[in-house]
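Architecture at a glance
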Amino acid sequence: MNNVKIAALACSNGFGHLRRIISIATFMVKSGFEGDIDIFASLFHVNALKGWPDRDYLVQCERVRVIDFRYPKDHKDKSKDLLDKDWENIDLPSLDKYEIVWSDNIVQVLEKRPDAILTGSFFWHEVFERNRKNGLQDFVHAQRRLVAQVKPLMAGNEYFSTPDVKSLTEFYPVGLYRYSMLFREKKNKGILLSCGLGGEEEDVAREAVEKIIRDNIVPPDRLLVEPRLLPDRYPDWVEKADFSSEMFQYCSAVCIRPGMGTISDALIGRNRIFAFSNLDSFEMVHNCNVLEKLKVGQRCEDPFQAYIHALEFVDSKELVEKQLLRASHLRLDGVFATANLVVNGV
């Protein structure tokens, strides 16, 4: 596909959308795609991913440009609340010159390009429509109308895509997104505790870490903690999490707010997922239900209880072996299948 120009737009709420686009685009280029790719994404997030091989390869590729783009923008500086972001206004770039337009979780792109390919496993309007007090009902209705009018082609995870994604689009199911080929025998019992950048559970997660350290609840191996949750001083059985593939291979259990990116990393690392989130978070509750249905994870009351359950899990050889069996048989072709869809269509 010489001279084909692709525009790829990444939602900037968290890193998951950008990571997916970078990994798929890197696979496309390395697999022989000879066109040009313009990635519209937060440069702050792109720079924050420095050191990840896919990111470093892509930003140095002559046929790939990264153009600063942020949606949603913040109403308030450093706010953790989804509702403090500006979801209703968006400054879309001109998309007329591109043969292929690909959008990860930004539905408004369909207004300019009804032929755009969407990726993601949920819609933002699904997240907001169940909360009548958030003032975003006009946004919800407009997004629903647009999806119904266009019925876009959309690639989403076979297991975790919401009912709306599966029924209101030309749904193209794909496997989990694997960002590394690293795979080794499980010999360690590490536990991860993280709340994720797109979440609203930072305070309660930080309190859980403080309680675990204060009460000296020592794991059989290492407790890896998202750096921003750590106090200034902590014991030597606690380490900063780097979220590398090696880290997920080292762990046997993860205590997380269950966003799709971290779920993929955890399941590809064959970790048991102990999930926590606000009960009014549609995406998180949906993902918890799927984890329990697949028997690869469970909902927990809070981050502290997630850690207690994780301790019980990693000390049971039988439970660990069951998790390894279930996770090893999940579909893992998300990157390949989505790249094929973007380049070749259905």
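Let us look at the structure shown here. Quick caveat, the model's predicted, so the values are computed rather than measured.

Below, the discussion takes up the sheet that holds strand 13 (residues 251–256). Spatial strand order, 12-11-10-13-14-15: 6 strands in an open sheet with parallel pairing. Looking along the sheet, the strands with just one partner apiece sit at the ends: strand 12 (238–240) and strand 15 (297–299). The average undirected angle you get between the axes of adjacent strands in this sheet is 20°. Of the pairings in the sheet, the one linking strand 14 (residues 272–275) to strand 15 comprises 3 bridges and is parallel in character.

Taken together, 7 strands build an open sheet; the order of strands is 3-2-1-6-7-8-9 and the sheet is parallel. Each edge of the sheet is formed by a strand with only one pairing partner; in this case those strands are strand 3 (64–68) and strand 9 (170–174). Sheet twist, expressed as the mean angle between neighbouring strand axes with direction ignored, is 20°. Relative to strand 7 (residues 117–119), strand 6 (residues 100–104) is paired through 3 bridges, and the arrangement is parallel.

Turning to its location among the elements, Asp 56 is positioned in helix 3 (residues 53–59). Separated by 3.2 Å, the side chain of Asp 56 and the backbone nitrogen of Gly 51 make a polar contact.

What follows covers helix 13 (residues 317–328). With 12 residues, helix 13 extends 16 Å between its outermost C-alpha atoms, agreeing within 8% with the 16 Å of an ideal straight helix rising 1.5 Å per residue. Along helix 13, the residues classified as buried are Val 320, Gln 323 and Ala 327. One face of helix 13 carries all of its buried residues, which in axial projection span an arc of 60°. In helix 13, the exposed positions angled more than 90 degrees off the buried face are occupied by Lys 317, Glu 318 and Leu 325. Those residues of helix 13 hidden inside the fold are in contact with helix 10 (260–268), strand 14 and helix 12 (303–314).

Calculation notes
Residues numbered from 1 in each chain as written. Predicted model: local features only at pLDDT ≥ 70, side-chain atom pairs only at ≥ 80, totals over all residues. Heavy atoms only, no water. Pairing = 2+ DSSP bridges. Helix = DSSP H or I, 4+ residues; strand = E, 2+ residues; numbered from the N terminus. Axes fitted to C-alpha atoms, helices over the stretch in contact; angles between N-to-C directions. Polar contact = N/O pair within 3.5 Å; in protein donor to acceptor, adjacent residues only side chain to side chain. Expected span 1.5 Å × (residues − 1). Buried < 20%, exposed > 50% of the residue type's maximum accessible area, 1.4 Å probe, protein only. Arc of directions from axis to C-beta. Contact = heavy atoms within 4.5 Å.

Any functional reading would require information that these geometric values do not contain.
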